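Okay, here's what each chain looks like letter by letter:
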Amino acid sequence: MSVEPGPGKFVTVPARTQHTFCRICEATCGLEATIDGDRIVALEPDRAHVVTKGYACIKGLRYHEIHHSPDRLRVPLKRVDGRFEEIGWDQALREIGAKVRQLVSDHGGDSVSAYLGNPISFSLLPPILTAAFLQGLGSRNLFQTGSQDCNNKFAAAERIYGFPFIQPFPDVDRAECLVVIGSNPAVSRGSFIQLPNPIRRLKAIEARGGKVFHVNPRRTETAKQLGTHVFIRPDTDVYFLMSFLHEVIARNAADESRVDRYMRGFDDLRKVAEAWPAERTSEITGIPAPVLREMVSAYLEADGAALHLSTGVNQGSQGTLAFWIQECINAITGNLDRLGGTLVGHGFVKDFPRYARKGGHTMRKDVSRIGKLPSVADTFPAGLMADEILTPGDGQIRALFCLAGNPLLTVPNSDGRLAKAFEALELLVVIDIFRNETANHAHYILPGTSAFQRPDLPFVFQSLMGVQPIPYVQYTDALVPLDGEQRDETMILLQLARACGSKLFGSRIASGILSTWMGLRRVPVAGRWLGLTPKRFLASMARAFRLGSLGALRKEPHGRLLQPHEGGDFLGRRVVTEDGLVDLAPGDLVAAARGLDETFEAERARRHELKLISKREQHSHNSWLHNHPRFVEGRRSTNYLYMNPEDARRVGVDSGARVEVRSRVGSVTLPVQVTDDMMVGAVALPHGWGHQGADGLSVASQTEGVNVNLLAADGPDDLEYFSGMAKLNGIWVEVSPAE
Ligand SMILES: Nc1nc2c(c(=O)[nH]1)N[C@H]1C(S)=C(S)[C@@H](COP(=O)(O)OP(=O)(O)OC[C@H]3O[C@@H](n4cnc5c(=O)[nH]c(N)nc54)[C@H](O)[C@@H]3O)O[C@H]1N2
Ligand SMILES: Nc1nc2c(c(=O)[nH]1)N[C@H]1C(S)=C(S)[C@@H](COP(=O)(O)OP(=O)(O)OC[C@H]3O[C@@H](n4cnc5c(=O)[nH]c(N)nc54)[C@H](O)[C@@H]3O)O[C@H]1N2
Ligand code: SF4
Ligand SMILES: [Mo]
């Protein structure tokens, strides 16, 4: 209850309850908020939610405290003589607009770039508008977190299925065998699959007599609760998958009639696999041949099985090849497009891949200025940002808009070269809810909204890719109003577009994704759109998605179930390659697979050296939840290097000792935790730390953790070729006791 002064008396306003959904991770759990005036006083899991059914984690349940943090940005700031001063929106937009117009006219559109961070990607409109904003300026330079977590999947899917966003996911609730490779859903709640309550759902596989395997250099929180854990040496998954495929083919387990009817390239694929019997690869993967065979048997005997690889493999050096082989195994064994195997969702837009492909959306065929790396889903790798900014010449980046991201902690070689590059920018604009490490280098900081201040529909993975085992839709209103001078990111982007002269809706993607579906003709300038509120935008999109009015969606505050999956409606119907067949042997991937002999030998030569992997933590989310006091209490106020007892003995350290970790690129010093959860030869270090200089984050700046990305290399030679993925796992390191 709160008491507000009425005319001449006090009126008591009762606290109210409103349902919404969390936008921290892909699970998008239903939440029930208790709101008192402008304050959210409590969050509970929404027990009546149609899918998440009362599931939520500690991060979502404490999000209101992040939202109400005293450190939240409330006014626009401008850096003057190294200090941040308050500035009005009009002036900020005018000055930013003038600078961008000058840069575009002097140096062309590519001189202006943007980095789209992870949190805002869970809202529907801002990512689409950011792409439109840049395209409207004539810039190709959009960077995004995809090159830190998943672009290899987009690159491979474009080749195999004809479109990057066709992403089959396991039908977890019906599968009888699931092989989880490089994912720890107990902590992450998965990726490229909406997976609230992962433990209950994975345990159910075992309860119905099925099998779950975890292939991982670390015995994870998930593996400790269910299934069989199999250690794999970091960044050797492609060899494991090659042997898996080899074994499947050797057993004649391909479903030949299905392959003949719906796929092409099987003979070439067979040749690729020939070279990789399990005996050969076990030497570097560490997976004994009999163990691999046992997994293959379980997979083939199951009535519905899926291999599911995720971030742990994506962040290695062969992610595109690994994902390609995984998809081929699921496809040729008849598990693709069947209940219990892997499914391809419909999303809310009928035939989106076909339609988007026809319009060329997210299918650009160009290469980066530096390193000539291909664009993926119309973005360039974030690991190129420093080079693109620091290397003079035509198309050099001079301005960067950073929306809800913190590249100075999350991108390889951040803080080293990237910090230097950011200082060299003529314009850095950060749109965030906190003044983070990146914002400290900004010329302007614009205060955005927290998820609870924005109305929303499900984000792109769910709306357009449909990676939902149980399809549903939910709309949420904003829960509380803007505070101070914060603005909704949708409006900020529209206002920036107008100020900078971006022909927002003259651009292809925006006219495709927004104008067409919203039944509107091309509109050349942003000005016309400024009268629209985010809610009206969403209303148009909901109608275009054939979801009805927002009013109707609002009447279903716990979500609305959509048509359940039936399987069998993808192959032969929704594959959008030229001939409609699944391509099992894309030419350039087959050619690259030939090069694996060489990398295999290089791995073999270094098989006794230490390799570093990343680790996610229950109470962290990438770099941005360390500013909550409860999340960094006590021994959680730092990250640790996790190490097997045998390796620790060799280095001569025990738990609590401080060690120096060195890679080719940099070094960090931190305390060690000795644990036999780690494989011998692999060490793990959680990312997202290193906040000591962040004076805008009063809690996080007091923590002691170090930035693991000082150890990861950026630049074209160190990124995976097909996708520009940063190599964040499998980094060669040396560890020694710190002085
Ligand atoms: N070594 C290593 N590095 C990694 C990873 C790893 O596993 N290992 N993981 C990678 C992965 S998977 C990802 S996705 C990236 C993430 O990389 P980034 O997206 O660059 O980093 P985040 O920490 O997610 O940054 C979030 C920023 O968004 C702000 N923010 C939060 N909510 C909102 C909002 O609603 N509006 C606005 N305007 N701002 C908001 C936060 O304050 C914070 O400053 O990091 C990657 N980096
Ligand atoms: N609590 C929490 N939840 C999160 C996040 C967070 O920061 N904190 N981040 C969110 C984001 S942005 C994303 S993208 C998702 C990612 O979610 P997932 O894709 O499920 O990935 P992770 O949970 O990071 O699990 C990666 C696993 O790969 C293992 N691994 C590392 N290297 C290798 C390797 O070379 N081979 C194999 N086979 N395994 C390897 C690691 O030990 C780790 O267990 O999580 C999201 N959820
Ligand atoms: S699992 Fe946690 S962080 Fe992810 S959506 Fe659910 S409540 Fe939010
Ligand atoms: Mo991510």
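Residues numbered from 1 in each chain as written. Chains lettered and ligands numbered in written order. Predicted model: local features only at pLDDT ≥ 70, side-chain atom pairs only at ≥ 80, totals over all residues. Heavy atoms only, no water.

## Observations regarding the pattern of salt bridges
Tallied over the entire structure, the rule returns 45 salt bridges. Put simply, Asp 714 and Arg 417 hold a salt bridge, and the shortest N to O gap is 2.9 Å. Taken together, the residues Asp 714 in the loop between strand S27 (682–686) and strand S28 (731–732) and Arg 417 in helix H19 (residues 417–424) connect sequence positions 297 residues apart. Its relative accessible area of 9% is what places Asp 714 among the buried residues. In this structure Arg 417 comes out as partly exposed when scored by relative accessible area, which is 28%. One continuous salt-bridge network, built from bridges that share partners, spans Asp 110, Arg 140, Arg 364 and Asp 366. (Salt bridge = Lys/Arg side-chain N within 4 Å of Asp/Glu carboxyl O. Helix = DSSP H or I, 4+ residues; strand = E, 2+ residues; numbered from the N terminus. Buried < 20%, exposed > 50% of the residue type's maximum accessible area, 1.4 Å probe, protein only.)

## Section: the domain arrangement of the chain
When the domains of the chain are assigned, the result is domain 1 (2–67), domain 2 (77–149 + 355–511), domain 3 (152–347 + 573–593) and domain 4 (609–737). Between domain 1 and domain 2, the C-alpha centre-to-centre distance is 29 Å. Tallying the contact residues gives 26 residues for domain 1 and 26 residues for domain 2. Together, the buried faces of domain 1 and domain 2 total about 2000 Å²; carbon and sulfur atoms form 64% of this surface. Taken together, the connections running from domain 1 to domain 2 amount to 1 salt bridge. (Domains from an automatic or database assignment. Contact = heavy atoms within 4.5 Å. Buried area = accessible area lost by both parts, 1.4 Å probe.)

## Comments concerning the packing of helix H15 (residues 319–332) against helix H25 (residues 587–594)
Put simply, H15 and H25 touch, their axes get as near as 10 Å, and they point 110 degrees apart. Taken together, the axes of H15 and H25 lie roughly perpendicular to each other. Classified by chirality, the crossing of H25 by H15 is left-handed. Contact with H15, carried on its side by Thr 320, Leu 321 and Trp 324, involves Leu 589, Val 590, Ala 592 and Ala 593 of H25 and no other residues of that element. Looking at the contact of H15 with H25 residue by residue, the classes come out as 6 nonpolar, 1 polar and no charged. (Axes fitted to C-alpha atoms, helices over the stretch in contact; angles between N-to-C directions. Parallel < 35°, antiparallel > 145°, perpendicular 65-115°, else oblique. Left-handed = near helix turned anticlockwise from the far one by under 90°. Nonpolar A, V, L, I, M, F, W, Y, C, P; charged D, E, K, R; others polar.)

## Here's the deal with the environment of Leu 547
Along the chain, the position of Leu 547 falls in the loop between helix H23 (534–544) and helix H24 (550–554). For the pair Leu 547 and Ala 451, spaced 96 residues apart in the sequence, the C-alpha separation amounts to 22 Å. Discounting chain neighbours no more than four positions away, the residues touching Leu 547 are Phe 348, Val 473, Ala 542, Leu 553 and Arg 560.

## Examining the pairing of strand S4 (residues 30–36)
Burial of S4 is extensive: 5 of the 7 residues sit out of reach of the surface. Alignment of strand S3 (residues 16–21) against S4, held across 6 bridges, turns out to be antiparallel. Bridging from a neighbouring strand, His 19 pairs with Glu 32 of S4. Strand direction decides the pairing type here: S4 and strand S5 (residues 39–45), joined by 6 bridges, are antiparallel. Across the sheet, Ile 35 pairs through a bridge with Ile 40, a residue of S5. Between S4 and S5, which follow one another and run antiparallel, lie 2 residues, and Gly 37 among them has a positive phi close to 65 degrees. (Pairing = 2+ DSSP bridges.)

## Overview of the site of ligand 3
Neighbouring ligand 3 are the residues Cys 22, Ile 24, Cys 25, Ala 27, Thr 28, Cys 29, Ala 56, Cys 57, Lys 59, Gly 60 and Arg 189. For the shell around ligand 3, the class distribution of residues is 7 nonpolar, 2 polar and 2 charged. (Near = heavy atom within 4 Å.)

## Quick look at the site of ligand 2
By nearness alone, 32 residues border ligand 2, and Ser 188, Asp 235, Ser 310, Thr 311 and Arg 616 come closest of all. Between an oxygen atom of ligand 2 and a main-chain N or O atom of Gly 182, the distance comes to 3.4 Å. A distance of 2.7 Å separates an oxygen atom of ligand 2 from a polar atom in the side chain of Asn 216. A total of 910 Å² of accessible area belongs to ligand 2 in isolation, and the protein chains cover 96% of it. When residues of the shell around ligand 2 are traced back to their parent elements, those giving at least two are helix H7 (185–188) and helix H14 (311–314). (Polar contact = N/O pair within 3.5 Å; in protein donor to acceptor, adjacent residues only side chain to side chain. Areas by Shrake-Rupley, 256 points an atom, 1.4 Å probe, with all protein chains shown as cover.)

## A look at the sheet that holds strand S17 (residues 399–403)
In spatial order, the strands read S7-S6-S19-S18-S17-S8-S9; together these 7 strands make up an open sheet with mixed pairing. A single partner strand is all that each edge strand has here, and the edge strands are strand S7 (83–86) and strand S9 (142–144). The sheet shows a mean angle of 20 degrees between the axes of neighbouring strands, taken without regard to direction. Sheet topology note: the S17/strand S18 (residues 427–432) ladder contains 5 bridges and is parallel. Looking at S18, one finds that Phe 401 is bridged to Val 429.

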